[in-house]
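Remarks on the overall topology
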Amino acid sequence: MEKTTHMWSSPNYCYTFSMISKSPEETKKIAHSFAKKVVSHTDRALVVALSGNLGSGKTTFAKAFAGAFGVHERGVTSPTFVIMKSHSLDSKRFPFKKFIHVDAYRLEKGEEMEKLGWDRLLEDPGNIILIEWPENIGHILPENAVKIFFSHIDENTREIVFN
């Protein structure tokens, strides 16, 4: 696991960096490390958006990220056919009450998420929402969503860009 890029991006002066993962195990370590740095927003849910091609490591990252919050990784499967899964968290150990995993692969527009109570989920600062395929519902993502991009370098190597 190695960091490759540090840069300030404008106009929001958001710190961007990328890491190289050479195995699923390294991707899991990156997810755990990121989860340890996550803090609760004061007035809204925290949204983490994972983008990348099929097989680029999004679900591996999601499972490990959820695991860092005490959600058993076997319970975090790609929710493609149910769209969204919610897991209660131990609020005494973590700054969040719920981990919500959304797979928007089959969605065509943000309004479909709105019908599932999206606004209500965003209003609760006790929620951490992790979305795979956020580009399918992009216009309803909050501006302050943490965006993570996954790309293939070769069979085992991935670049993971945090923005």
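See above for the structure.
Residues numbered from 1 in each chain as written. Predicted model: local features only at pLDDT ≥ 70, side-chain atom pairs only at ≥ 80, totals over all residues. Heavy atoms only, no water.

**Here's the deal with the nonpolar core**
The biggest cluster of nonpolar side chains holds 27 residues, and the ones touching the most others in it are F34, V48, F61, F65, F69, I128 and I148. Sorting the residues of this core by element identifies α1 (24-37), β3 (46-52), α2 (58-68), β6 (127-132), β7 (146-152) and β8 (158-162) as the ones contributing at least two each. Sort the elements by how many residues they give to this core and α2 lands first, with five residues. Setting aside residues up to four positions removed in sequence, F34 forms contacts with V48, F61, F65, V146, I148 and F162. Counting residues in hydrophobic clusters, the runner-up holds 19 residues, among them L107, L121, W133 and A145. (Core = buried A, V, L, I, M, F, W, Y, C linked by side-chain atoms within 4.5 Å. Buried < 20%, exposed > 50% of the residue type's maximum accessible area, 1.4 Å probe, protein only. Helix = DSSP H or I, 4+ residues; strand = E, 2+ residues; numbered from the N terminus. Contact = heavy atoms within 4.5 Å.)

**Quick word on the pairing of strand β5 (residues 98-103)**
Among the six residues that make up β5, five are buried, leaving the element largely enclosed by the rest of the structure. Here strand β4 (residues 84-88) runs beside β5; their pairing, made up of five bridges, is antiparallel. Bridge pairing in β5 places H87 opposite F99. Pairing of β5 with β6 involves six bridges; the strand directions are parallel. Residue pairing in the sheet places H101 in a bridge with L130 of β6. (Pairing = 2+ DSSP bridges.)

**Quick notes on the pattern of salt bridges**
Once their charged atoms are close, side chains differing in charge can pair, the charge on each being opposite to the other. Going through the model one piece at a time under the given rule, you end up with one salt bridge. Of the charged contacts, one joins K97 and D124 as a salt bridge, the two residues approaching to 3.8 Å between their closest N and O atoms. Note that K97 is positioned in the loop between β4 and β5 and D124 in the loop between α4 (118-123) and β6, a separation of 27 residues in sequence. The exposure class assigned to K97 is partly exposed, which follows from its relative accessible area of 46%. For D124, a relative accessible area of 27% puts it in the partly exposed group. (Salt bridge = Lys/Arg side-chain N within 4 Å of Asp/Glu carboxyl O.)

**A closer look at unusual backbone geometry**
Non-glycine residue W133 carries a positive phi angle of around 65°. Mapped onto the fold, W133 is located in the loop between β6 and β7. Residue classification places W133 among the buried residues on the basis of a relative accessible area of 13%.

**Thoughts on the pairing of β3**
With respect to burial, β3 is a largely interior element, seven of its seven residues being buried. Both faces of β3 are covered, namely the face carrying L46, V48, L50 and G52 and the face carrying V47, A49 and S51. By the bridge criterion, five bridges tie β3 to β6 in an arrangement that is parallel. In the sheet register, A49 faces β6, and the bridge partner there is I131. Relative to β7, β3 runs parallel, the two sharing five bridges. Following the sheet pairing, V48 is matched in β7 by V146.

**Points about the side chain of T16**
Residue placement: T16 occurs in strand β2 (residues 14-21). Residue class for T16 comes out buried when judged on its relative accessible area of 5%. Polar side-chain contacts of T16 include one of 3.1 Å to the side chain of N163. (Polar contact = N/O pair within 3.5 Å; in protein donor to acceptor, adjacent residues only side chain to side chain.)

**Details of the packing of aromatic side chains**
Under the criterion given, the structure shown has 12 aromatic pairs. Each member of the aromatic cluster is reached from another via a ring pair, and the members are F17, F34, F61, F65, F69, F94, F96, F99, F150 and F162. Just above the ring of W133 sits the side chain of K58; from NZ or CZ to the centre is 4.2 Å. (Phe/Tyr/Trp six-rings, centres within 6.5 Å; stacked < 30°, edge-to-face > 60°. Lys NZ or Arg CZ within 6 Å of the ring centre and 35° of its normal.)

Interpretation in functional terms is not warranted from these geometric data alone.
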